[in-house]
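Residue-level structural notes
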2 protein chains.
Amino acid sequence: MIGRTHHCGEVLEETIGQKVRLKGWVQTRRDLGQVIFIDLRDRSGIVQVVFQPEFSEEALAIADKVRSEYVIDVEGTVAARSEETINPKMKTGKIEVLIDKIEVLNKSKALPFQIEENVDTSEEIRLKYRYLDLRRPEMQETFKLRHNTTKLIRNFLDDNTFLEIETPMLTKSTPEGARDYLVPSRVQHGGFYALPQSPQIFKQLLMVSGFERYYQIVRCFRDEDLRADRQPEFTQVDIETSFMDKEDLLSMMETMMTKVLKEVKGIEVSTPFERLTYDEAMNRYGSDKPDTRFDMELVELSEIVKDCGLKVFKTAIENGGIVKGLNVKGAALKLSRKEIDDLAKFVAIYGAKGLAWLKVEEDGLKGPIAKFFTADEIDAMKAAFDAEIGDLLLFAADKKKVVFDSLGALRLKFAKEMDLIDKSKFNFLWVTEFPLLSYDEDEDRYVAEHHPFTRPVKEDEEFLTTAPEKVRAEAYDLVLNGYELGGGSQRIYERELQENMFKALGFSEEEARSQFGFLMDAFEYGTPPHGGIALGLDRLIMILAGRTNLRDTIAFPKTASASDLLTNAPSGVSEAQLKELNLSVIPKKEEKVKA
Amino acid sequence: MIGRTHHCGEVLEETIGQKVRLKGWVQTRRDLGQVIFIDLRDRSGIVQVVFQPEFSEEALAIADKVRSEYVIDVEGTVAARSEETINPKMKTGKIEVLIDKIEVLNKSKALPFQIEENVDTSEEIRLKYRYLDLRRPEMQETFKLRHNTTKLIRNFLDDNTFLEIETPMLTKSTPEGARDYLVPSRVQHGGFYALPQSPQIFKQLLMVSGFERYYQIVRCFRDEDLRADRQPEFTQVDIETSFMDKEDLLSMMETMMTKVLKEVKGIEVSTPFERLTYDEAMNRYGSDKPDTRFDMELVELSEIVKDCGLKVFKTAIENGGIVKGLNVKGAALKLSRKEIDDLAKFVAIYGAKGLAWLKVEEDGLKGPIAKFFTADEIDAMKAAFDAEIGDLLLFAADKKKVVFDSLGALRLKFAKEMDLIDKSKFNFLWVTEFPLLSYDEDEDRYVAEHHPFTRPVKEDEEFLTTAPEKVRAEAYDLVLNGYELGGGSQRIYERELQENMFKALGFSEEEARSQFGFLMDAFEYGTPPHGGIALGLDRLIMILAGRTNLRDTIAFPKTASASDLLTNAPSGVSEAQLKELNLSVIPKKEEKVKA
């Protein structure tokens, strides 16, 4: 160590008798009159340093003026603590350092909140003083974990002959996908760059270039309205390979993830990871990223109730919808009538017009809808639900999407409330055979479920122009504990297929050429078969660190309104800056009225 | 290897007799009627594969239709080449692969230029087809070198307990430094983010947070007019440390750079690196990033000529300027009168109003200005220049800056033209004691030579508010072969000193607070002494790869007008996108006239 001889956390028993020099922050200070104890903290940990007139009058006098979070530089001799003062909870708890020299490197005002775990200060204050919040031990640990995980992933990819290649941040805006962040050009009047939503096209071009195995841990940007697990800028582990089929890629990713779990968390994960097709995931869990740490699968009832006396069920099926159920084991007695009624409000978010239910009691199924079913139907339902006394049976009947979303969300809600999730589990899962396209009612056209470069499953290719909704994609999502950790696909590498894809997306030839002509041109010069994947690093760290908020894994995150409370970005800029960019801000409506 | 059994470059003698499967690009194809030879290329190298009716009629028929840059998948048996067909220039030159199965994975049109070293196609075409340009072996090598260098630097910093921590790309625009790229906010009307010119403030805040050792290999942005060695987005190795003084930091950087040179280039560089103060560098080389691979130092003449008969010399000194010379050894006979006169035009770029010269001939100094000097002055000049017969002596008399810039540029020009530079040398150099501030005549105020967070040299602190031009900075630039590889400094960590710095820069209290208040606030909560450095990765790679153009080290670079010829970024965006951002583009002047 330079300047200092040791880090605080390294002053252990074997240093007893040695002179040491330490630098760090005053964690706590106890003044017992003629002796002052300071817990000194640096990145490595905490050590107790002691000031007493016998060691140095002068040092004691200075220590007298020191306060919490002062930065100090001390020299002294390491001594064993007496038996009764040993602190078994501290790594350095068997020793203390008797100080004969101290220099105050910098002072500190009283802090707006204490540097300690599980601080209960509001997140707003913590973000404003992020530099203090990051001093908390759990934050320090999270960023060490992030560093180590990143390093591990890099090493794994390096060992597998991947080349790290950087791609541009100032790129071209394209109409597909999420909303771009734009960057005005000063040189080209009215021209804009876009910040990348992912390096997708560039990494494909690197495959055209023959690099064969590319990776990058790279910042990506999406100007979307934020949720708890979204940030306007996020980091992804971006991977692309040539000549590697889906099976090989998935297997390599499984090796990488098991290595991360083993080395970062000490947890053994078995391979191959479970796989579900998209259809299966939706039917069984009502989600394309199911949390498989608990069961409570959705129950298929359409066949059973298709002729039943309950009109909403019957109509739903007649209109092409489905009826599915969820058995909340043992909840019949736990939930009040009001709580059950509130569930209908909960599923209304997902478009459900109501939520039917039945309780399983000793003398049968009870509830407002019981009377609409025949004995046979009741028996069939009980069998399907595997119903036992005390169970609460919930029913959704609607279009597929509404049924899946409603019951999928209910499933997660009850798992949390009823504490069904084994938090020690790390359940990886591949979801495959996604639909290639989905119909967007707002835009009145098909949009790509992943992105327009995803390859259709070979035997579905013929439907691309005739029945696009039937086409499955050669795509795969990696799910961990109910979070989508990332996704990938095999890519289109033939001009004609790519042109058909753009046609299916409703692009005119001209639009396709002006936006993606360079990529389709590239496909004509010897493009190898290729595919890849991108994993969300922030989310992976969040799960590994046992957090539930992405902001805790990012050193300087943005709030839900995409602002930085520390620096106050975004903020106004000067007229001169705007003029150089040939831009003007359109006045707010209110301002117009005033003018 | 998955799918394939080997990479092309790996099919060596020990594989003779084995069945192999290879995938790659057709580099060349020679058709000798009943036998076709293909040089097959992948990332690892090239191997010769042979098609003949004896191995497979079917494969031969397919190979007949294959052309350059087709992507093929072949299977065959490795055989030794006959003695006379061995190619000692190829790694795989002792073997060939007798093919019995081939599949064409993708075709290729005729290329716009050939995939070969030292291609003479214009850079414009190469940038447009960048994906093909990147296939050239020298480009592939450059990006492997970049990958390896980056990895080496990461490993070194990891080993030295640095934590890689990511900082935001969407940050706050500040008035200091170069021009920011702006990113309009959709959420905050009229608000903008700025892309970072460097993570300077965030890395300092990470020191306030107690991370102690931070690094990041990070993209930075400057919206400046571009030169050959500038790009709008560039990558820097960004480092910051707490509790580490300048000497320790420089020594650590020297260890890192010697390691890079040793492992990447096999070159031993000795430490410690040479150091020059800024004043010494300017006086001896006319540059703050001198190329020390050759001598030709500037000669100080002011004292000798201060009373001479040549008015321009005398006046320059009387007005506070200087007179310096450059001895171009042996150039007197080589340069024509016209060539010497043209030198005056060359230095005019740097503001010089002329360029006096003398030739050293057997009977003394000859030239138009010879008559203005006394015999004593002539003798003193000859001694100062160490003049020998045949030397060409050049003189500049003006303000310091003009003299330094003119002679510094001439020194480099002659070194190149006369081939004085030993290209095998890697001369590292630290330039220290930069001025903290320089007076900007356009802005009529002092501006920071490095940035406003650079610490003044202790004994100069008192001049900060009284005589700012006198203050030296605790800053250090790392120079390699005449390129500024990076720069760093010890930072200000006290609120008062930072406030004084902003005062010296002409900030009002209000301006300082609104722009940098959060940083000054942070300084009051126990900020450790800290400092750091940032190295230009693109430039380092350029030097290591022996290139002279930064674009050759960046996969997808921008042109001098900051555009991407491949994707055509920047480009126009839709009215809807602009409207969401509350922006409108101010029409061009011509358009206004038309309207």
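Residues numbered from 1 in each chain as written. Chains lettered and ligands numbered in written order. Predicted model: local features only at pLDDT ≥ 70, side-chain atom pairs only at ≥ 80, totals over all residues. Heavy atoms only, no water.

We now examine the UniProt feature "binding site: ATP" (unreviewed entry) in chain A. Residue and element names in this part refer to chain A. UniProt tags Arg222, Asp223, Glu224, Gln231, Glu484, Gly536, Leu537, Asp538 and Arg539 as "binding site: ATP" (unreviewed entry). Checked against the element boundaries, arginine 222 lands in the loop between strand 9 (213-221) and strand 10 (233-242). What arginine 222 contacts, discounting residues up to four positions off in sequence, is Ala178, Arg179, Tyr181, Gln197, Pro232 and Phe234. With respect to the helices, strands and loops of the structure, leucine 537 is situated in helix 15 (residues 537-544). (UniProt positions renumbered as here; feature names shortened; annotations may be inferred. Helix = DSSP H or I, 4+ residues; strand = E, 2+ residues; numbered from the N terminus. Contact = heavy atoms within 4.5 Å.)

Residues and elements named next belong to chain A. Applying the stated criterion across every chain yields a total of 121 salt bridges over all chains. For the salt bridge of arginine 551 with glutamate 123, the shortest nitrogen-to-oxygen distance reads 2.7 Å. Of this pair, arginine 551 sits in the loop between helix 15 and helix 16 (575-580) while glutamate 123 sits in helix 2 (residues 123-128), and the two are 428 residues apart along the sequence. Across the salt bridge formed by aspartate 291 and arginine 293, the nearest N and O atoms sit 2.7 Å from each other. A relative accessible area of 3% places aspartate 291 in the buried class. Looking at arginine 293, the relative accessible area reads 14%, which means it is buried. Taken together, the shared-partner salt bridges connect Arg126, Arg130, Asp133, Arg136, Glu138, Arg547 and Asp552 into one network. (Salt bridge = Lys/Arg side-chain N within 4 Å of Asp/Glu carboxyl O. Buried < 20%, exposed > 50% of the residue type's maximum accessible area, 1.4 Å probe, protein only.)

Before going further, it helps to spend a moment on the interface of chain B and chain A. In this assembly, 125 residues from chain B lie in contact with 125 residues from chain A. When chain B packs against chain A, close to 10,900 Å² is buried across both sides, 58% of that on carbon and sulfur atoms. It is Arg43, Phe243 and Tyr525 of chain B that lose the most area in chain B upon contact with chain A, and together they represent 8% of the buried surface on that side. The tally of links from chain B across to chain A stands at 16 salt bridges. (Buried area = accessible area lost by both parts, 1.4 Å probe.)

All right, on to the relation of the copies chain B and chain A then. Rotating chain B by 180 degrees about the axis while translating it 0.0 Å along that axis superimposes it on chain A, leaving an RMSD of 0.1 Å. As the rotation angle and translation indicate, the two copies are arranged about a two-fold axis. Looking at chain B, 100% of its interface residues are interface residues in chain A too, so the copies touch through the same face. (Least-squares fit on C-alpha atoms with pLDDT ≥ 70 in both.)

Residues and elements named next belong to chain A. Every buried residue of helix 7 (residues 278-285) is listed here: Tyr278, Ala281, Met282 and Tyr285. Taken end-on, helix 7 shows its buried residues confined to a sector of 105 degrees, consistent with a single buried face. The elements touched by buried residues of helix 7 are strand 11 (274-277), helix 12 (400-417) and strand 17 (428-432). Note on helix 7: the residue one or two positions beyond its end, glycine 286, has a positive phi of about 65 degrees. (Arc of directions from axis to C-beta.)

All names here are of chain A. Pairing within the open sheet is mixed, and its eight strands lie in the order 6-9-10-22-21-20-17-11. Of all the strands in the sheet, the pair left with one neighbour each is strand 6 (163-164) and strand 11. Against the sheet, helix 4 (residues 137-159) makes contact with strand 6, strand 9 and strand 10, and its axis sits at roughly 150 degrees relative to strand 9, the strand it touches most. (Pairing = 2+ DSSP bridges. Axes fitted to C-alpha atoms, helices over the stretch in contact; angles between N-to-C directions.)

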